[in-house]
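# Coordinate inspection notes
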Protein chains: 2
Amino acid sequence: MEFSPLVEQLIESLRCLPGVGRKSAQRAAFHLLERDRRGANELAEALQQAMSEVGHCQQCRNYTEQELCTICQSPKRQAASVLCIVESPADLMALEQSGQFHGRYFVLYGHLSPLDGIGPEQLGLNLLEQQLIKGTTEEVVLATNPTVEGDATAHYIAEICSRHDIKASRIAHGVPVGGELEYVDGTTLARSFAGRTSMD
Amino acid sequence: MEFSPLVEQLIESLRCLPGVGRKSAQRAAFHLLERDRRGANELAEALQQAMSEVGHCQQCRNYTEQELCTICQSPKRQAASVLCIVESPADLMALEQSGQFHGRYFVLYGHLSPLDGIGPEQLGLNLLEQQLIKGTTEEVVLATNPTVEGDATAHYIAEICSRHDIKASRIAHGVPVGGELEYVDGTTLARSFAGRTSMD
Ligand SMILES: [Zn+2]
Ligand SMILES: [Zn+2]
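Residues numbered from 1 in each chain as written. Chains lettered and ligands numbered in written order. Predicted model: local features only at pLDDT ≥ 70, side-chain atom pairs only at ≥ 80, totals over all residues. Heavy atoms only, no water.

Between the two copies, chain A and chain B, the superposition gives an RMSD of 0.0 Å; the rotation angle is 180° and the shift along the axis is 0.0 Å. On the angle and the small slide along the axis, the relation comes out as a two-fold axis. When C-alpha distances to the rotation axis are compared across chain A, the minimum falls at Ala44 of chain A, with a value of 2.0 Å. Both copies present the same face, since 100% of the interface residues in chain A are matched by interface residues at the equivalent positions in chain B. (Least-squares fit on C-alpha atoms with pLDDT ≥ 70 in both. Contact = heavy atoms within 4.5 Å.)

In terms of nonpolar packing, the biggest core is built from 94 residues, with Leu10 and Leu47 of chain A together with Leu10 and Leu47 of chain B touching the most fellow members. Setting aside anything within four residues of it in sequence, one finds Leu10 of chain B in contact with Leu43, Ala46, Leu47, Ala50 and Met51 of chain A together with Ala29 and Leu33 of chain B. (Core = buried A, V, L, I, M, F, W, Y, C linked by side-chain atoms within 4.5 Å. Buried < 20%, exposed > 50% of the residue type's maximum accessible area, 1.4 Å probe, protein only.)

Between any two of four tetrahedral donors, the ideal angle at the metal is 109.5 degrees; between two of six octahedral donors, it is 90 or 180 degrees. All names here are of chain A. Looking at the zinc ion (ligand 1), one finds its protein donor set to be Cys57 (SG), Cys60 (SG), Cys69 (SG) and Cys72 (SG), positioned 2.3 Å from the metal centre. Note that the zinc ion (ligand 1) binds four donor atoms; their angles at the metal cover 102 to 120°, and the shape is tetrahedral. Counting along the primary sequence, the residues that act as donors to the zinc ion (ligand 1) give the motif C-x2-C-x8-C-x2-C. Taken as a pair, Cys60 in the loop between strand S1 (55–56) and strand S2 (63–64) and Cys72 in helix H4 (residues 70–73) lie far apart in primary sequence, 12 residues in all. (Donors = N, O, S within 2.8 Å, 3.2 Å for Na, K, Ca; no water. Tetrahedral: all angles 85-135°; square planar, octahedral: opposite > 155°, others 65-115°. Helix = DSSP H or I, 4+ residues; strand = E, 2+ residues; numbered from the N terminus.)

With that out of the way, let us pick up the coordination of the zinc ion (ligand 2). All names here are of chain B. The coordination sphere of the zinc ion (ligand 2), as far as protein atoms go, consists of Cys57 (SG), Cys60 (SG), Cys69 (SG) and Cys72 (SG), spread over 2.3 Å. Considering all four donor atoms around the zinc ion (ligand 2), the spread of angles at the metal, 102 to 120°, places the coordination shape in the tetrahedral class. One chain supplies every donor to the zinc ion (ligand 2), and in sequence these donors are spaced C-x2-C-x8-C-x2-C. Of this pair, Cys57 sits in the loop between strand S1 (55–56) and strand S2 (63–64) while Cys72 is found in helix H4 (residues 70–73), placing the two residues 15 residues apart along the sequence. Note on Cys72: relative accessible area 6%, which makes it buried.

All names here are of chain B. Considering the arrangement of structural elements, one finds Leu125 in helix H7 (residues 125–133). Distance from Leu125 to Thr147, taken between C-alpha atoms, is 19 Å for residues 22 residues apart in sequence. Each residue touching Leu125, except ones within four places of it in the same chain, is listed here: Leu108, Pro120, Tyr156, Ile157 and Ile160.

Below, the discussion takes up the UniProt feature "zinc finger region: C4-type" (unreviewed entry) in chain A. Taken from the UniProt record, the annotation "zinc finger region: C4-type" (unreviewed entry) applies to residues 57–72 of chain A. Secondary structure across residues 57–72 of chain A comprises 19% helix and 12% strand; the distance between its end C-alpha atoms is 8 Å. (UniProt positions renumbered as here; feature names shortened; annotations may be inferred.)

A separate point is the interface of chain A and chain B. Interfaces are often described in size by the accessible area the parts lose on coming together. With 55 residues of chain A in contact, the opposing surface of chain B contributes 55 residues. Both faces combined, the contact of chain A with chain B buries some 5300 Å², and carbon together with sulfur accounts for 66% of it. Applying the counting criterion to the chain A and chain B interface returns zero salt bridges. Taken together, chain A and chain B are joined by 14 residue pairs in polar contact (both at pLDDT 80 or more). Listed by contribution, the elements that provide at least two residues to the side of chain A that touches chain B are helix H1 (5–14), helix H2 (22–35), helix H3 (37–53), S2 and helix H6 (89–98) of chain A. (Buried area = accessible area lost by both parts, 1.4 Å probe. Salt bridge = Lys/Arg side-chain N within 4 Å of Asp/Glu carboxyl O. Polar contact = N/O pair within 3.5 Å; in protein donor to acceptor, adjacent residues only side chain to side chain.)

Turning our attention to the pattern of salt bridges. Residue and element names in this part refer to chain A. This structure, assessed with the given rule, holds 14 salt bridges over all chains. When the shortest N-O distance is used, the salt bridge between Glu12 and Arg22 registers 2.9 Å. Residue Glu12 is located in helix H1, and its partner Arg22 is located in helix H2; the two are separated by 10 residues in the primary sequence. Taking the relative accessible area as the measure of exposure, Glu12 reaches 39% and is therefore partly exposed.

Here it is, written out as structure tokens:
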């Protein structure tokens, strides 16, 4: 026996959320049906709007519903000579919240992972190189995660930088090895940013 | 600094889900944006359909998008003389899956909780009494949770039953005291159903 078709459909659809199995989907469905139909309708609308309108910034690949994200639209940020490379928008946000960095960003959406078919193209490295060629960048800060894959990706990008005579540095200090940038506190992130070392 | 307006709106809207804080909402939003836009759109549609169309069965109060739920539409189930009372549709489902019960149900959507303003009316006990008056019910099985509130609710309903000369029984055996029915395995539930005791 199953729940009514629309309830079943709701439960199954909720499983598209990460870490949500059948039981938690069921709990969520009942919670919304019983206590928060308004919130559920707002969520539905937010999902539809975001999925149809949110794309990637044409310059830094951060999420935005415009051509350029807020950071890339800011003349002050765009005048900066330092470009910081992160694996995800969440990492960008974590760095912004640490208040240590006022330059430009570039979001990879992952790291090099040949076995998963994720190469330079998937990470937008062509787009990155085009920007480096423009000549306004003096330093690239590699803020990929301190994991094997994050390190490999940082080294790969450092080589691109060296081909264009641009200094590449790697954030250091305090970010726990094997950890994820997104979950590090602001102070630690600020320190790791300040203590960055050249990748020569 | 915040994410773009539509991304922020998505993250905040996801927090209507139980147990989802800012960080998990952010993770879910990025997961959907990056890897499952189709799933997200399906979820949006499922939410809208369910919120606008799913109501309560006019007889047992179980979720349904029709007047009567599947169980109440079945002549075989409706001919049964035993009525089982549960706190939630999830409990109903758990009992159905134990395969032990083939009668009718009544869903309370909670238990008596005067401090929260949940009295007999909120649990639909008027509707329940109307059904008991019809005279087809010989026994009411009280399958509310084995908690203080679930027990109190069971006793309250047992009194209604006794006013109408209907036998009231309480499920027993195996359901751990203080636990929640929804999470008990089928065998234990089946045993607890078979070992129900009269509430005289
Ligand atoms: Zn941008
Ligand atoms: Zn029904």
